[in-house]
Amino acid sequence: MRVSAVVRFREMPEYCYVAEGFEDAVRQFEEHAPLAEVKTEFAIPEKDFNTAGKGSSELKNLLKRLGVDSVVLRRIAVASYEAEINVAAHSKGGIMYGTVYDDLIHVRFEDEGPGIANIEQAMTPGFSTADDLVRELGFGAGLGLPNIKKNSDAMRLVSVAGGRTKLEFLIYFAGRFE
Amino acid sequence: MIKLSEYIAAIKGENHTPALDPDEIEISGAYVSDMLSDVMGSAKPEQVWITIMKHLNVIAVASMTGIPAIIFAKGHAPDAAVCDKALEESICLISSKLETFDLAGTLYKLLGK
């Protein structure tokens, strides 16, 4: 998969990514979001690595019941679990919002800060600011955000140092099966 | 593909989730890593995961990635809470006294690679 659209705004620290071939679908979704079928919401407390993952697990079970293809399901589960771990590991806690539509899922994470100092660096595979506790658990390889990007059809990360972080991604049910 | 039960016999493994039948699980290989994001990024659904990590998040990672069984090296045995969670997720937990190198090598041979 190649990066087809990387947009960097001068004033707002933001990372945007749309997988090749999904540009029109993503634009259409952003302009006219369809009616949501199901909405879920999960709190992710700071440094609680047992609660982190519950949202992804329930989302996975829900989508499995809805008949989402297992390869697509795996991509959704991995991306949202990585994001949940990120919120637990790096922020003062946050919330995961999952919105299921007819043909895609939109998952959004909003935390209480303290934000990302350098988004470009954070997106670099192998770069990590994880503390010892997180590393002892086997996280903190600097692969979380790259894994989220790899599994998403579109992804946006907005953050300011000292402020909150918002991460969202879209995955289409009839999308890539690799 | 071989049955997980054949591999367990070859590594003298102990099944910590006896409610799951290793005769029913087919495997095509293994992924060896102790970094959880590395596993989520690269392991494939029909592979077993060979590791020394044995805390609760390991089960979540296996579940999200679609891994059918985890092989704990060097005699590392999971505690009861981890086994319960694994059963809930239908992930077979096996421990063996062998080291990672031998665990991977044994499977490599069994698969005729």
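Above this note sits the structure.
Each value, and the rule that gives it
- Residues numbered from 1 in each chain as written.
- Chains lettered and ligands numbered in written order.
- Predicted model: local features only at pLDDT ≥ 70, side-chain atom pairs only at ≥ 80, totals over all residues.
- Pairing = 2+ DSSP bridges.
- Helix = DSSP H or I, 4+ residues; strand = E, 2+ residues; numbered from the N terminus.
- Contact = placed C-beta atoms within 7 Å.
- Nonpolar A, V, L, I, M, F, W, Y, C, P; charged D, E, K, R; others polar.
- Buried ≥ 20, exposed ≤ 12 C-beta atoms within 10 Å, placed from the backbone.

S.K.: I'm lost on the sheet that holds strand β2 (residues 14-15) of chain B in this one. Help?
M.R.: Working definition: the strands of a sheet are paired by backbone hydrogen bonds and lie parallel or antiparallel to each other. Residues and elements named next belong to chain B. Read across the open sheet, the five strands follow the order β2-β7-β6-β5-β4; overall the sheet is mixed. Edge positions in the sheet fall to β2 and β4 (29-32), since each has one partner strand and no second. Two strands pair when backbone bridges link them, and β2 and strand β7 (residues 92-95) are joined in this way by two bridges, in the antiparallel orientation. Across the sheet, Glu 14 pairs through a bridge with Ser 95, a residue of β7.

S.K.: Teacher, can you tell me more about the interface of chain A and chain B here?
M.R.: Where interface size is quoted, it is often the accessible area lost as the parts come together. Counting residues at the interface gives 19 residues for chain A and 17 residues for chain B. Put simply, the parts of the chain that give the side of chain A that touches chain B at least two residues each are α2 (54-65), α3 (70-90) and α6 (144-151) of chain A. Among the elements that make up the side of chain A that touches chain B, the one with the highest residue count is α3(A) (six residues). For the side of chain A that touches chain B, a count of residues per class yields eight nonpolar, eight polar and three charged.

S.K.: Hey, could you run me through unusual backbone geometry in this one?
M.R.: A negative phi angle characterises most non-glycine residues, just as the trans form characterises most peptide bonds. A cis amide bond links Gly113(A) to the next residue, Pro114(A), at an omega of 20°. Its location among the elements puts Pro114(A) in the loop between β5 (104-111) and α4 (119-122). Phi at Lys47(A) takes a positive value of approximately 55°, unusual for a residue other than glycine. The class of Lys47(A) is partly exposed, set by 15 C-beta atoms lying within 10 Å. Here the phi dihedral of Lys74(B) falls at roughly 55°; this positive angle occurs in a residue that is not glycine.

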